[in-house]
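Okay, here's what each chain looks like letter by letter:
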Amino acid sequence: MKILDRYILSSYIKTFVVVLVILMFIFLLQTIWLYISELAGKDLDIVIIGKFLLYFSPKLIPLVLPLSILVTSIMTFGNFAENYEFAAMKSSGISLQRAMRGLTVFILLISIGAFFFANNVIPLAEYKSINLRRNIAKLKPTMAITTGIFNEVGEYNIKVREKTGENDQFLKDVIIHQKSPVGKNTTVIKADRGELAGSEDSDVLSLILKDGNYYNELYTKDPTKRKRKPFAKSYFEEYVINIDVSTFNDVDLDEETKDNSYKMLQIGELRKEIDSQSVAINEDQLNFKTNIYERTGIKNFKKSFDPVDTVKVNISNSGILDIIEKEDHLQIVNLALGNTNSALSTIKTTQSSLKSKVSRINRYELVLHEKYVLAFACFILFFVGAPLGAIIRKGGLGLPLVVAILLFLTYHFIGIFAKNSAKDGSLDAFVASWISTMIMLPLGIYLTYRATTDQGLLSFDFFTSRFQKLFKRKKKED
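The model shown is predicted, which means the values in this text are computed figures rather than measured ones.

Scoring rules and cut-offs
Residues numbered from 1 in each chain as written. Predicted model: local features only at pLDDT ≥ 70, side-chain atom pairs only at ≥ 80, totals over all residues. Heavy atoms only, no water. Helix = DSSP H or I, 4+ residues; strand = E, 2+ residues; numbered from the N terminus. Buried < 20%, exposed > 50% of the residue type's maximum accessible area, 1.4 Å probe, protein only. Contact = heavy atoms within 4.5 Å. Areas by Shrake-Rupley, 256 points an atom, 1.4 Å probe, with all protein chains shown as cover. Phe/Tyr/Trp six-rings, centres within 6.5 Å; stacked < 30°, edge-to-face > 60°. Expected span 1.5 Å × (residues − 1). 1 Å grid on protein atoms, 1.4 Å probe; cavity = no way out; pocket = protein on both sides within 12 Å on 5 of 7 lines; lining within 4 Å. Points joined across faces, edges and corners; volume = space filled by probe spheres on them. Nonpolar A, V, L, I, M, F, W, Y, C, P; charged D, E, K, R; others polar. Axes fitted to C-alpha atoms, helices over the stretch in contact; angles between N-to-C directions. Left-handed = near helix turned anticlockwise from the far one by under 90°. Pairing = 2+ DSSP bridges.

Colleague: What should I look at first to understand the overall build of the protein in this one?
Modeller: Within the protein, the regular secondary structure consists of 13 helices and seven strands. By the burial criterion, 34% of the 478 residues in the protein qualify as buried. Partitioning the intrachain contacts of the protein with sequence separation of at least 6 by distance along the chain shows that 69% fall at a separation of at least 24. When the accessible surface of the protein is totalled, it reaches about 29,600 Å², and 60% of it is carbon and sulfur.

The structure is reproduced here in structure tokens:
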């Protein structure tokens, strides 16, 4: 390696490490901000919190690494151009392509490493973080109660609108469904306020409810009586529910359980899962088609009705009901309406089920393509940032950082909108995964061409010359 290559590579690596650490720290602070309410005040030691952040950090790499490469490329080549180092290189006969050759190999190695990182480390980190959060939720029941949704705590399903207090012990707008021995939710409890009370030495967690109602469904064998009196209702000022949490505290935080989450799978596992689910969807569609056809009765129509063996009848314009007794008309129409409504309901239910399965496959395909996209994005964004830095000729953290963030936000938002469209099936998963990278590819080619030919970011001479020729032609014609 020549001295020039070592100098460019060392300058780039130093800036890259600094930018990567700063951006990772910023995104990690955002993670702490998002989960601080779930971690603080739960008597978790620093080791558990450190594990949580360690397992979450690899999931930030698909965001941090391409942005770091883009920012570093603009800053490094902007510094070279601002300090006239590129001018010195060109005067010595060294072109921009030659100056970028060593860095191209380095970025290629980073892209390959990013691919293996996305395929091996990120799924493992997702697997570890999900299991750790699940075990923490078992260890600390207050963490198991997430606001806005029903949470299973023992034999109760609890939903709260808001949690307040130092340890999230005060609850607002509490709704509780209590499971019955037969598995049905026959008891519903609603309260305006609630409080979780307990001690470390006790295996009982007390849920104190205030100002609420108690509903208990009454089941009888006679459906008419059930309709007259469906449930019993009572009001309470204070009601205490004791929940046994003896099994909650017997939790190994290092315990790991298998989960079929698509984010935990590697490329081979994702392909296998996509194939199996695609086969299952095809079978469901074929079975649904056969079921709907058989429900029409067309298949058995010839067995029950043979026009050759029956008396020929004339059917008027009013329809087939003319050959049937009038007292049977209403029964036949009601039967036909019932079959039609049943078929429509089955079609809607099956359509919704198939749509959710297709959406699930799209999620698997998105995760599969994202592993490849990360590698290509690192490589392409380098060829966007390096020539752009050489063109704008500005280093430091000012203009280069602003330009890099604007470019990356455009790249990132296009990807987010496309992936959201792919999840609901309105866009192909392959297109949604690659569209933002494919948009950056021609931009990188254009900027590289402009930088290597010593041209500015935009050339207005092409347009002005066209207008000048047009006006000259008009004058000659006049």
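Colleague: Would you explain the packing of aromatic side chains in this entry?
Modeller: Two descriptors summarise a pair of aromatic rings, namely the distance from one centre to the other and the angle between the planes of the rings. Considering all chains together, one arrives at 17 aromatic pairs under this definition. Through a chain of ring-to-ring contacts, the aromatic side chains of Y7, Y12, F16, F77, F80, F106, F379, F382 and F383 assemble into a single cluster.

Colleague: Mind showing me how you'd approach helix α3 (residues 61-82) here?
Modeller: Count 3.6 residues to each turn of an α-helix, and residues three or four apart come out pointing the same way. Over its 22 residues, α3 runs 30 Å from end to end, which matches the ideal 32 Å to within 8%, given 1.5 Å per residue. By the criterion of burial, α3 is predominantly enclosed, with 18 of the 22 residues buried.

Colleague: Can you walk me through the environment of E82 in this structure?
Modeller: With respect to the element layout, E82 can be found in helix α3. According to the relative accessible area criterion, E82 is partly exposed, its value standing at 32%.

Colleague: Mind showing me how you'd approach the layout of surface pockets here?
Modeller: Unfilled space is identified by rolling a water-sized probe across the atoms. Taken as a whole, the largest pocket encloses approximately 1,200 Å³ of empty space. Along the walls of the largest pocket sit 36 residues, with K59, P62, L63, E370 and K419 positioned nearest its centre. Of all the secondary structure elements, the ones that give two or more residues to the lining of the largest pocket are α1 (3-39), α3, α5 (96-139), α10 (329-392), α11 (399-423) and α12 (429-452). Its residues placed into classes, the lining of the largest pocket shows 21 nonpolar, seven polar and eight charged.

Colleague: Is there a simple way to explain the packing of α3 against α11 in this structure?
Modeller: Packed helices, taken two at a time, are described by the angle their axes make and the gap between the axes. Relative orientation of the contacting elements α3 and α11 amounts to 145°, with a least axis distance of 9 Å. As α3 runs across α11, the sense of the crossing is right-handed. Facing L63, P66, L67, L70, V71, I74 and M75 of α3, the residues of α11 in contact are P400, L401, V403, A404, L407, F408 and H412. Classifying every residue of the contact of α3 with α11 gives 13 nonpolar, one polar and no charged.

Colleague: Help me out: how do you make sense of the pairing of strand β2 (residues 156-159) in this one?
Modeller: Along any regular strand, the residues point their side chains to alternate faces of the sheet. Alignment of strand β1 (residues 151-153) against β2, held across three bridges, turns out to be antiparallel. Bridge pairing in β2 links V153 to Y156. Here β2 runs beside strand β4 (residues 170-179); their pairing, made up of four bridges, is antiparallel. Each residue of the ladder has a partner; that of K159, found in β4, is I175.

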